[in-house]
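# Observations on the model geometry
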Amino acid sequence: MLRTRRSTRDRHPGAGHPLLYAAVVHGAAGAVLNVLTPRAGSTLAVFGAGAVGLAAVMAAALLPLRALVAVDVQRSGLELAKSLGATHVIHAGDTDPVRALREITEGGPDHVVECSGVPEVLTQAIHALGTGGCVAVVGVPPFGQTAAVDVADLVNGGKRVHGVVEGRSNPPTFLPQLAKLVAAGQLPMGKLVATFPLEDIERAAAATNDGSVVKAVLLPSLGR
């Protein structure tokens, strides 16, 4: 039987610390801020509204984009994406995300962050790109899985695909930068992360599986 204890947010010195939160989001945030570096007035789409994709939405919402679109098949994730700054959401189970993105962005987004790790979704992400657009691939399927790519579309559209590991960042400098944004309330991590004591790992897993928690972070118990 699992114990029902509150999270350690108010009891553990690491819970709620800006550096802890920065470490949680730096991969997705780095894909946006370090790799894609969108210009003012550009458009960006995020495929996958789980923990990684929502972190990308938060980072992109810091920028003066013309449109920030989240794509997923889970309505709860899309609702959270809107609360984090997405201007539009697309339920990929109800509509063709490629067509919808082209309509919203008038030709296709300038930038895409692919966070689902599903090869078929990566194919959609590349196809949806506007001319000269770039996909940052953050979601990773197992080795050996491949995604179909329309090579003529890739070449004629001048599209680019970047694989991104750990946000392509220098952690000693990037993490403190993100921590400042967290501390200033510009990255609302409280909507994304819940902390649990290490001994409550099963409860953390259950909360993640039932969707009541987006990102569970385990913290070691102190004084034991």
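Summary of the structure given here.

Conventions and cut-offs
- Residues numbered from 1 in each chain as written.
- Predicted model: local features only at pLDDT ≥ 70, side-chain atom pairs only at ≥ 80, totals over all residues.
- Heavy atoms only, no water.
- Helix = DSSP H or I, 4+ residues; strand = E, 2+ residues; numbered from the N terminus.
- Buried < 20%, exposed > 50% of the residue type's maximum accessible area, 1.4 Å probe, protein only.
- Contact = heavy atoms within 4.5 Å.
- Areas by Shrake-Rupley, 256 points an atom, 1.4 Å probe, with all protein chains shown as cover.
- Pairing = 2+ DSSP bridges.
- Right-handed = clockwise from strand over helix to strand, strands pointing away.
- Salt bridge = Lys/Arg side-chain N within 4 Å of Asp/Glu carboxyl O.
- Arc of directions from axis to C-beta.
- Expected span 1.5 Å × (residues − 1).
- Patch = residues over 30% accessible without salt bridge, like charges linked within 9 Å, V, L, I, M, F, W, Y side chains within 5 Å.
- Lys, Arg positive; Asp, Glu negative; His and termini not counted.
- Polar contact = N/O pair within 3.5 Å; in protein donor to acceptor, adjacent residues only side chain to side chain.

### What to know about the overall build of the protein
Secondary structure summary: the protein contains eight helices and eight strands in total. The buried share among the 224 residues of the protein stands at 46%. Taking the intrachain contacts of the protein between residues at least 6 apart in sequence as the baseline, contacts between residues at least 24 apart amount to 63%. Here the protein displays about 11100 Å² of accessible surface, and carbon together with sulfur accounts for 56% of that area.

### A look at the environment of Ile126
You can see Ile126 is positioned in helix α5 (residues 119–128). In this structure, the C-alpha to C-alpha distance between Ile126 and Val98, residues 28 residues apart in sequence, is 9.2 Å. In this view, Ile126 contacts Val135, Val149, Asp153, Leu154, Lys159 and Val161; residues no more than four positions away in its chain are not counted.

### Here's the deal with the pairing of strand β5 (residues 134–137)
Neither face of β5 is exposed, since Cys134 and Ala136 on one face and Val135 and Val137 on the opposite face are all buried. Pairing of strand β4 (residues 111–114) with β5 involves four bridges; the strand directions are parallel. Residue Glu114 lies in a different strand from β5, and its bridge partner there is Val137. As a crossover connection, the stretch from β4 through α5 into β5 is right-handed. In terms of strand pairing, β5 meets strand β6 (residues 160–163) through four bridges, oriented parallel. Of the residues in β6, the one forming a bridge with Ala136 is His162. Of the crossover connections in this fold, the one passing from β5 over helix α6 (residues 151–156) to the parallel β6 is right-handed.

### Topic: the pattern of salt bridges
Considering all chains together, one arrives at four salt bridges under this definition. In this structure, Lys82 engages Glu79 in a salt bridge whose closest nitrogen and oxygen atoms are separated by 3.2 Å. Of this pair, Lys82 and Glu79 both sit in helix α3 (residues 75–83), three residues apart, which is roughly one turn of that helix. Look at Glu79 and you get partly exposed, because its relative accessible area is 48%. Lys159 serves as the salt-bridge partner of Asp153, at 2.8 Å between the closest nitrogen and oxygen. Under the relative-accessibility criterion, Lys159 is labelled buried at 9%.

### Description of α3
Residues three or four positions apart in an α-helix share a direction because the helix packs 3.6 residues into each turn. Looking only at α3, the buried set comprises Gly77, Leu78, Leu80 and Ala81. All buried residues of α3 fall inside an arc of 160° around its axis, so they share one side. On the buried face of α3, the contacting elements are α2 (51–60), β2 (67–72) and β3 (88–91).

### Some thoughts on helix α7 (residues 171–183)
A rise of 1.5 Å per residue sets the reference length of α7, with its 13 residues, at 18 Å; its end C-alpha atoms lie 17 Å apart and thus fit the reference within 8%. Buried residues of α7: Phe174, Leu175, Leu178, Ala179 and Val182, and no others. Relative to the axis of α7, the buried residues are bounded by an arc of 140° and lie together on one face. Away from the buried face of α7 by more than 90 degrees, exposed residues Pro172, Lys180 and Ala183 are located.

### Quick look at a nonpolar patch on the surface
On the surface, a nonpolar cluster with roughly 250 Å² of combined accessible area is contributed by Val149, Val151 and Val155. Structurally, Val151 is set in helix α6.

### Let's talk about the side chain of Glu114
One can find Glu114 in strand β4. It is Arg168 that comes nearest to the buried, bridge-free Glu114 among opposite-charge side chains, at 14 Å. Here the side chain of Glu114 touches Ser116 through a polar contact of 2.6 Å, side chain to side chain. In contact with Glu114, not counting residues within four places along its chain, are Phe47, Val121, Leu122, Ala125, Val135, Ala136, Val137, Val138 and Gly139.

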